[in-house]
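# Residue-level structural notes
Listed below are the residues making up each chain.
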Amino acid sequence: MSDSAQSIARPVYRIVALQFTIAVLFAALVAYFAGVEKGWSAAMGGAIAVIGSGVYALIVAGGSRDAKAALRRHELAEMVKLFLTAVLFIAALVLFQSAANVWLILGFAVATLAYWFSLLAV
């Protein structure tokens, strides 16, 4: 990996790591205060957000100094992330029908907000 790609990759992976940490903490709090089933639902929602962000980071981390190539890479990464998020939500709702849907969505929302706010910190 070139120096420019490494300088792009480090902050992107730190953002995903921070998002993962916040998602885990939120799921643990939900499990403690609202029950284990709701905590697992929040964890699944957080995992959906973290997996999407991780895939985005993997696609973007290759980096390029060419602005058009970088834009195309970000567009591709966002399309893949949105598709993967939709597939994972459908899979979670179909395969885990006992999931508490509200907590699944809240787990996703908290992890997504963590991603947005971690962009400010990195």
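Residues numbered from 1 in each chain as written. Predicted model: local features only at pLDDT ≥ 70, side-chain atom pairs only at ≥ 80, totals over all residues. Heavy atoms only, no water.

## Observations regarding the UniProt feature "transmembrane region" (unreviewed entry) in the protein chain
UniProt's entry tags residues 12–34, 40–59, 79–96 and 102–121 with the feature "transmembrane region" (unreviewed entry), counted in the numbering of this structure. Regarding residues 40–59, the helix share stands at 100% and the strand share at 0%, and the terminal C-alpha atoms are separated by 28 Å. This span, residues 79–96, is 94% helix and 0% strand, and a straight line between its end C-alpha atoms measures 25 Å. (UniProt positions renumbered as here; feature names shortened; annotations may be inferred. Helix = DSSP H or I, 4+ residues; strand = E, 2+ residues; numbered from the N terminus.)

## Examining the layout of surface pockets
Its boundaries defined by the atoms lining it, the largest pocket holds a volume of some 170 Å³. If you go around the largest pocket, you meet 13 residues; those closest to its centre are Ala23, Val24, Ala27, Gly39 and Ala43. Those elements that provide at least two residues to the lining of the largest pocket are α1 (3–34) and α2 (36–60). Among the elements that take part in the lining of the largest pocket, α2 stands out by supplying seven residues, more than any other. (1 Å grid on protein atoms, 1.4 Å probe; cavity = no way out; pocket = protein on both sides within 12 Å on 5 of 7 lines; lining within 4 Å. Points joined across faces, edges and corners; volume = space filled by probe spheres on them.)

## Brief notes about the environment of Ala43
Mapped onto the elements, Ala43 comes out in helix α2. Sequence separation between Ala43 and Thr112 is 69 residues; the distance between their C-alpha atoms is 13 Å.

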